[in-house]
Amino acid sequence: MSNFTRRSFLQTTGLAAAALASPAIIRPAHAAGGTVKLGCLFSSSGTMANIEGRLNHVVKMAADEINAKGGVNGRTLEVAVSDPASDWPLYAQIGKQMLEQDKVAALFGCWTSVSRKTVLPVVEQANGLLFYPLHFEGDENSKNIVYVNSPPASSVLPAVDYLMGDEGVSAKRFFMIGSDYVWPRTINKQLKGYWKSKGIPETAWKEQYVPLGFSNFQTIVNQIRAFADQGGGKPIVVLTVVGSSIPDFLREFANQGIKATDIPVLGLDMVEADLEGLNTEPLVGHLNCWAYLQNAKGEKNVAFLKQWADYVKANNVPFKGDVAIDPMVSAYDSVHLWAMAAKKANSFDVNEVRKAFPGLSFDGPSGYTLKMTAENNYVSRGVFIGSVNEKQGFDVLWQSKDAPKPVPFSPYS
Amino acid sequence: MRRFCVAVTLLVTACASSQSIAAGAQRADLLGKLCGDTASLGDAGRILTSLAADGSRDDRLWAAPIARAVIDRKLRCDASGAVLVSGEKTLDVLTQAPRMPTEPSRSPLLSLKNRGLFETAEAALALRTAPDVAGRAAALHTLERRAASLPEKLFEAAAEQESDAELKAQMIAVAQAAALNSADPLKRIAALKQISATPDRRALTKVSALLGDPAYAANPAFKRAVDDAVTTIGRGIAIGDVLATLYNGLSFASILFMAAIGLAVIFGLMGVINLAQGELIMIGAYVTWLVQEGLRHFAPMLLDYYLIIAIPVAFLVTAAIGIALEAILLRHLYRRPLMSLLATWAVSLFLINLVRVTFGTQNLNFVTPFYVTGGVPVIGDFIFTWNRMFAIVFAVVTLALTWGVMRLTPLGLNIRAVMQNRTMAGCIGIPVRRVDMLAFGLGSGLAGLAGLALSPIYSVNPQMGQNFVIDSFMVVVLGGVGTIVGTVVAALGIGQINVLIEPLWGAVAAKVIVLLMIIAFLQWRPEGLFVIKGRRK
């Protein structure tokens, strides 16, 4: 056996091993026809890191779930994650890169409205798809963006209505305080228009803005107390500050001895994650409004919470496994909506997927059925009003009977 | 139909167990309301309040824990009534017999309006039934603001029964103040006096409403009383506003000072622009948290004092990091200030990410000890809040200690010598290298203390340091590089101006205007407010 050298032995065994192993490698890829890429545009550094960062993992979790069931159109999903570092122009740049170089089938991303506004021209130019999971100020309608969460007409207005009604606190006066950028300013403009239409005089509201990342709320809370003491009906605070300003504001508010029953705060961007680290006992009763709350009832939610907890444990995700927030669920819904549309269209082409949107419905963790119509890329969802409890979460104080039809453009601005 | 049956069953159980049929029926009715919808929950709240005013002693004692339990969601409604979870025990509300709730059970959630009603009811009941003076005083304090909407009898009955003389007087005062709209003009004048004793905007609103009252025109004595009250309250509010502005300015200044003092020492001595200063503040706060967690595990009885126990730890840990930073990195870059700026920036990014990987990005949970919780209303709308007071006192003590170190110790003497003329100081035998290192440690340690002082006020997370860097640079540059007096004066000035501008033009404008003022000032005096005499250039 002169030709039996060590090298040839290794070669043969190597080949044999490869041949044996190849079906395992090739078959799923062959049967699945390769992978299809999805892109994530969520910051895992900078001011938005704590809340926005977890959405990357939720998208991956949803993709894993779909893959486990055989993928979409015979292809498995692959999630590409990026970090735009809470730097608004970077969102557009990375989005462009993902659409043009990585050829992602859809983008999932953005938290602040300003980041969405920077990505908008990019997705329109490249004819891409962006699923946007936050509730926002509305007044925008692009065929390239799927607005998975709610415009003000189906989130903020029902909550304000509730507070102005008998069941709420019969609110008559409003102190608006927001971070100084597009979302708070637009929301407040719409609210003022809404109150005007209800015959509430201009003297019944006051507006204040603070820089992003502002933390010294002492003077502003003093102003709120003075505003409330002027009499003339029940005052409430409409809070549209974002990021780390939310806990800082709440801390000062509680510290000056103001209870929710004296002056309730309606925090429009306040989620469960903002209460982490706060002593919420003196804050019990303050409100928020979203299309999902962690305490929503129903099996779907129980399953979702368990899935997230398991995912966090299995993948060593650096976020809490027992905290779920609306944008997480909306991101999760987004991936499923996209997958359903792609399946219905039997294609990953953006135009085909878009054509499949009308009539789609998905039973999300919130307990409502999400529906899409042919009119626009808005999704109809339910509305929750949450009330802060002492366990750093929200109790469901009120929820809509069914999902209101979304109105993209506000008649009040 | 089912509800009816439940009610009947309730009634029957109630009748069997209670002494009087009427009381039993009333209690069962109340219970039905407690387990009903939002509107009937509201009724239940009102009934509880009226029980506090004119219910029998038995009824009041029975009702007292219910209001609290509903607020805390410890009342569970089930098919056969409701049970109350108090501590370890679960008792049936009607029979007071121990029993577990039968499934399905639910605990009613109060709407905001009902929460207000129940808070009032709870306080009203506590006013009549709480066994200790402190409990009754707290209840009275809660009721004070809502006195006008409560039954007049409540305070009278409570005062009659009260054994503590001081509290009794307070109760009578509250009852008097509540009589502002009574039919008797003498009572109204007494009420006006009571109200103007605590001048705030709420009182002013209440009293101003009387200017349109028919009695104001008709009764000269009443008119005089109203006018007097308006003047007194107006004066009180004005004083309160001035004090509040000063206090807010001072507390903001103390925060700016704490953030800037470490930077001033480092910048002033070595000309190193330490961009990692904010992260050292952040680490100080994290060390404080670690101390808190350590105490929670090993000495829970000292937990409340973690802010004080953490002082040396926060200082030493950040000082050690500062010294290490100086020894490893910065000493190579003293002659290249731009490089040292970049290097400290890299260090700041590194520290942020290190903390993020170790602790996560969420805000840390801090216990708020009693000495930094709440505040005391002083006069007008001015509330003296303890967490800000803590920051002010902390800043003053830090200032005193830093000043002491710089002026009274050999190290301070050396630091000042090196600051004035590095080469000459080296020539006369001062160990310049060691002074550099220790000064860097001192500056970093001061940043750590700032983190500790800020933790009861701001959220603590890996990003928190970035908020302070710009502010502290403003202070240091305005004050004049490296002077303690300059830092103090600049912090006071910026803090006070900020607070003055904010209510007028808003927080955004305040930031911009302060920045413009600093730029304008530096055009006129580029060295800042105070200049160290020296021959560095």
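Details of the structure are given in the entry above.
Predicted, not measured: the structure shown is a model, and the values here were computed from it.

Draft legend 1. The arrangement of the environment of G232 of chain A in detail. Residue and element names in this part refer to chain A. Following the sequence through the fold, G232 ends up in the loop between α7 (218–229) and β8 (234–240). Using a relative accessible area of 66% as the deciding quantity, one classes G232 as exposed. With 60 residues separating them in the primary sequence, G232 and K172 have C-alpha atoms 7.5 Å apart. Discounting chain neighbours no more than four positions away, the residues touching G232 are K172 and R173.

Draft legend 2. Fine view of the state of the cysteines. The final tally for this structure, using the stated rule, is one disulfide over all chains. For C35 of chain B, the disulfide goes to C77 of chain B, at an S-S distance of 2.0 Å. Across the S-S bond linking C35 of chain B and C77 of chain B, the dihedral sits near -85 degrees, which makes this disulfide left-handed. Here C35 of chain B, found in the loop between α2 (21–34) and α3 (38–54), pairs with C77 of chain B, found in strand β1 (residues 75–78); they are 42 residues apart in sequence, far enough to count as distant. For the pair shown, C35 of chain B and C77 of chain B are each scored as buried. C40 of chain A forms no disulfide, and the closest cysteine sulfur to it belongs to C110 of chain A, at a distance of 11 Å.

Draft legend 3. Representation of the sheet that holds β1 of chain B in the model. Residue and element names in this part refer to chain B. Across the sheet, three strands lie side by side as β1-β2-β3; this open sheet has antiparallel pairing. Each edge of the open sheet carries a strand with a single partner, namely β1 and β3 (89–92). The average undirected angle you get between the axes of adjacent strands in this sheet is 25 degrees. Pairing geometry for strand β2 (residues 81–86) and β3, over four bridges, is antiparallel. By the bridge assignment for β3, V85 is matched with T90.

Draft legend 4. Structural view of the interface of chain A and chain B. Contacts between the two partners involve 55 residues from chain A and, on the opposite side, 52 residues from chain B. Here chain A meets chain B over a buried area of about 4300 Å², counting both sides, of which 45% is carbon and sulfur. Of all residues in chain A, Q218, D229 and N255 of chain A give up the largest surface area on contact with chain B, accounting jointly for 15% of the area buried on that side. Linking chain A to chain B there are five salt bridges. A salt bridge links R73 of chain B to D395 of chain A, with the shortest nitrogen-to-oxygen separation between them at 3.3 Å.

Draft legend 5. Spatial organisation of the pattern of salt bridges. By the definition in use, this model includes 38 salt bridges over all chains. Across the pair D241 of chain B and R201 of chain B runs a salt bridge whose closest N-O atoms are separated by 2.9 Å. One end of the pair, D241 of chain B, is in helix α12 (residues 220–270); the other, R201 of chain B, is in helix α10 (residues 201–208), with 40 residues separating them in the sequence. Relative accessible area serves as the criterion here: at 30%, D241 of chain B is assigned to the partly exposed category. It is possible to trace a salt-bridge network through shared partners that takes in R116, K117, E137 and E140 of chain A.

Draft legend 6. Just the packing of helix α9 (residues 185–197) of chain B against α12 of chain B, in detail. Residue and element names in this part refer to chain B. Two elements in contact, α9 and α12, have axes whose closest approach is 9 Å; the angle formed by their N-to-C orientations is 5 degrees. Our classification of the angle between α9 and α12 gives roughly parallel. Note on element contacts: α12 touches α9 through A221, F222, A225, V226, A229, T232 and I233, opposite R188, I189, L192, I195 and S196. Here the contact of α9 with α12 is composed, by residue class, of nine nonpolar, two polar and one charged.

Draft legend 7. Looking closely at the packing of helix α6 (residues 133–144) of chain B against helix α8 (residues 165–178) of chain B. All names here are of chain B. At a minimum axis distance of 11 Å, the contact between α6 and α8 shows a crossing angle of 15 degrees. In terms of axis orientation, α6 runs roughly parallel to α8. In this structure, α6 meets α8 at a crossing whose hand is left-handed. Only L167, Q170, M171 and V174 of α8 make contact with α6, whose side of the interface consists of V133, R136, A137, L140 and E144.

Draft legend 8. Structural context of the packing of aromatic side chains. Evaluated as defined, the whole model comprises 35 aromatic pairs over all chains. Seen in terms of ring centroids, F136 of chain A and Y378 of chain A are 6.1 Å apart; in terms of plane orientation they differ by 25 degrees. Their pairing is stacked. You can see F136 of chain A sitting in the loop between β4 (130–132) and β5 (145–147) and its partner Y378 of chain A sitting in the loop between β12 (369–372) and β13 (379–380), a full 242 residues away along the chain. Taking the relative accessible area as the measure of exposure, Y378 of chain A reaches 1% and is therefore buried. When the ring centre of F227 of chain A is taken as reference, the NZ or CZ atom of R173 of chain A above it lies at 4.2 Å. Positioned over the ring face of Y334 of chain B is R422 of chain B, at 5.8 Å from the centre of the ring.

Draft legend 9. Layout of empty space enclosed by the protein. Per the stated rule, a full pass over the model turns up three cavities of 30 Å³ or more. When its volume is computed, the largest cavity comes out at roughly 70 Å³. Residue lining of the largest cavity: W111, T112, S113, Y132, L134, H135, Y181, W183, V242 and D269 of chain A, and that is the complete set. For the lining of the largest cavity, the residue count by class is six nonpolar, three polar and one charged. The computed volume of the second largest cavity comes to approximately 50 Å³. As for the second largest cavity, its lining consists of Q218, N222, R225 and Q256 of chain A together with A244, Y247, N248, D381, F382, I383 and T385 of chain B. Of all the secondary-structure elements, those providing two or more residues to the lining of the second largest cavity are α7 of chain A together with α12 and β5 (383–385) of chain B. Here the lining of the second largest cavity is composed, by residue class, of four nonpolar, five polar and two charged.

Calculation notes
- Residues numbered from 1 in each chain as written.
- Chains lettered and ligands numbered in written order.
- Predicted model: local features only at pLDDT ≥ 70, side-chain atom pairs only at ≥ 80, totals over all residues.
- Heavy atoms only, no water.
- Helix = DSSP H or I, 4+ residues; strand = E, 2+ residues; numbered from the N terminus.
- Buried < 20%, exposed > 50% of the residue type's maximum accessible area, 1.4 Å probe, protein only.
- Contact = heavy atoms within 4.5 Å.
- Disulfide = S-S within 2.5 Å.
- Pairing = 2+ DSSP bridges.
- Axes fitted to C-alpha atoms, helices over the stretch in contact; angles between N-to-C directions.
- Buried area = accessible area lost by both parts, 1.4 Å probe.
- Salt bridge = Lys/Arg side-chain N within 4 Å of Asp/Glu carboxyl O.
- Parallel < 35°, antiparallel > 145°, perpendicular 65-115°, else oblique.
- Nonpolar A, V, L, I, M, F, W, Y, C, P; charged D, E, K, R; others polar.
- Left-handed = near helix turned anticlockwise from the far one by under 90°.
- Phe/Tyr/Trp six-rings, centres within 6.5 Å; stacked < 30°, edge-to-face > 60°.
- Lys NZ or Arg CZ within 6 Å of the ring centre and 35° of its normal.
- 1 Å grid on protein atoms, 1.4 Å probe; cavity = no way out; pocket = protein on both sides within 12 Å on 5 of 7 lines; lining within 4 Å.
- Points joined across faces, edges and corners; volume = space filled by probe spheres on them.

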